[in-house]
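Geometric and topological summary
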Amino acid sequence: MTDTSRTVTDLTTNLFQNGQAAGSITPQDLRDFIETCQTKQGSIYVSTPVSTSIAVAGTYVEGAGTYTLSTSPTANEFDMSVNGRLRYIGTPTVNCMFTASASLEINTAIINKEFGIAIHKNGTLITGTKMLGFSPATTVNSVNIHTMGYASMATNDYISVFVTNMDSTDNLTIRNAQVMGMSLVT
């Protein structure tokens, strides 16, 4: 029989009830419990930087670049079927914590600009994940920005990093980035 990841409500309502008869918990119930407690996780990183076009100052766009699915540790119920999108492929729907870090660099010699990153689920902002950083005033250097957030993930939902130049339409390059997701037992 296939081991099944379940919600906490499903476990306590159907498999591990108060007052159930002695011996009614089966080996399969315990395997399902172990499967449920195994963290679903995955991460992607920018392996080749590419310029991200900024058409409107202050508007977030999906960050360009070639991304790679991390293999150490091997992703569990996450994959990357589309470049730059960390996708949940498990069941049931789970709550996940996500983190994203990026080193952004402006593609011109223009300085004194504010950059931002945010995490989006299925192309929609995860509230509270917008974070900003300011480029150095003396030279063009990378601006390191980190954010995190929570989202409920159903099968095939994905997250990705969006970036913006708050002050102009000068394009940005994500020099380095790491996006990580990890489920919570709920």
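That block above? That's the structure.
This write-up is about the structure you can find in this document. (Residues numbered from 1 in each chain as written. Predicted model: local features only at pLDDT ≥ 70, side-chain atom pairs only at ≥ 80, totals over all residues. Heavy atoms only, no water.)

To continue, consider the packing of aromatic side chains. Think of a pair of aromatic rings as described by two things: how far the centres are apart, and how the planes are tilted against each other in angle. This structure, assessed with the given rule, holds 2 aromatic pairs. For the pair Phe 16 and Phe 33, a centre-to-centre distance of 5.9 Å together with 85° between the ring planes defines the contact as edge-to-face. On the criterion of sequence distance, the pair formed by Phe 16 in the loop between α1 (8–15) and α2 (27–37) and Phe 33 in helix α2 is long-range, its members being 17 residues apart. (Phe/Tyr/Trp six-rings, centres within 6.5 Å; stacked < 30°, edge-to-face > 60°. Helix = DSSP H or I, 4+ residues; strand = E, 2+ residues; numbered from the N terminus.)

A few words on a nonpolar patch on the surface. A surface patch of nonpolar side chains, about 290 Å² in accessible area, is lined by Met 148, Tyr 150 and Leu 184. Looking at where Leu 184 falls in the secondary structure, it is placed in strand β13 (residues 172–184). By relative accessible area, which is 34% here, Leu 184 ends up partly exposed. (Patch = residues over 30% accessible without salt bridge, like charges linked within 9 Å, V, L, I, M, F, W, Y side chains within 5 Å. Areas by Shrake-Rupley, 256 points an atom, 1.4 Å probe, with all protein chains shown as cover. Salt bridge = Lys/Arg side-chain N within 4 Å of Asp/Glu carboxyl O. Buried < 20%, exposed > 50% of the residue type's maximum accessible area, 1.4 Å probe, protein only.)

This brings us to the state of the cysteines. Following the criterion strictly, the structure yields 0 disulfides and no others. Looking at the unpaired Cys 37, the closest cysteine sulfur is the one in Cys 96, lying at 15 Å. (Disulfide = S-S within 2.5 Å.)

General note: in soluble globular proteins, nonpolar side chains tend to be found buried as a group. If you look at the biggest cluster of nonpolar residues, it comprises 30 residues, and the most contacted ones within it are Phe 98, Leu 104, Ile 159 and Ile 174. Contributions of two or more residues to this core are made by β1 (41–48), β6 (85–88), β7 (94–106), β8 (114–121), β11 (143–153), β12 (158–165) and β13. It is β7 that provides the largest number of residues to this core, a total of 7 residues. Sequence-distant contacts of Leu 104, that is, excluding residues within four places in its chain, are made with Phe 115, Gly 116, Ile 117, Asn 141, Ser 142, Val 143, Ile 145, Val 163, Leu 172, Thr 173 and Ile 174. (Core = buried A, V, L, I, M, F, W, Y, C linked by side-chain atoms within 4.5 Å. Contact = heavy atoms within 4.5 Å.)

A few words now on α2. Among the residues of α2, Gln 28, Asp 29, Asp 32, Glu 35 and Thr 36 are the ones counted as buried. One face of α2 carries all of its buried residues, which in axial projection span an arc of 120°. Projecting away from the buried face of α2 at angles above 90 degrees are the exposed residues Pro 27 and Ile 34. Looking at the buried positions of α2, the neighbouring elements they touch are α1. (Arc of directions from axis to C-beta.)

Mapping Glu 77 onto the fold places it in the loop between β4 (66–69) and β5 (78–82). The side chain of Glu 77 sits in the buried core without any salt bridge; Lys 40 is the nearest counter-charge, 4.5 Å away. Apart from the residues lying within four places of it in its own chain, the contact partners of Glu 77 are Glu 35, Lys 40, Arg 87, Tyr 88, Ile 89, Gly 90 and Thr 91. (Lys, Arg positive; Asp, Glu negative; His and termini not counted.)

A separate point is the environment of Asp 10. Mapping Asp 10 onto the fold places it in helix α1. Between the alpha carbons of Asp 10 and Thr 186 there is a distance of 10.0 Å; along the sequence they are 176 residues apart.

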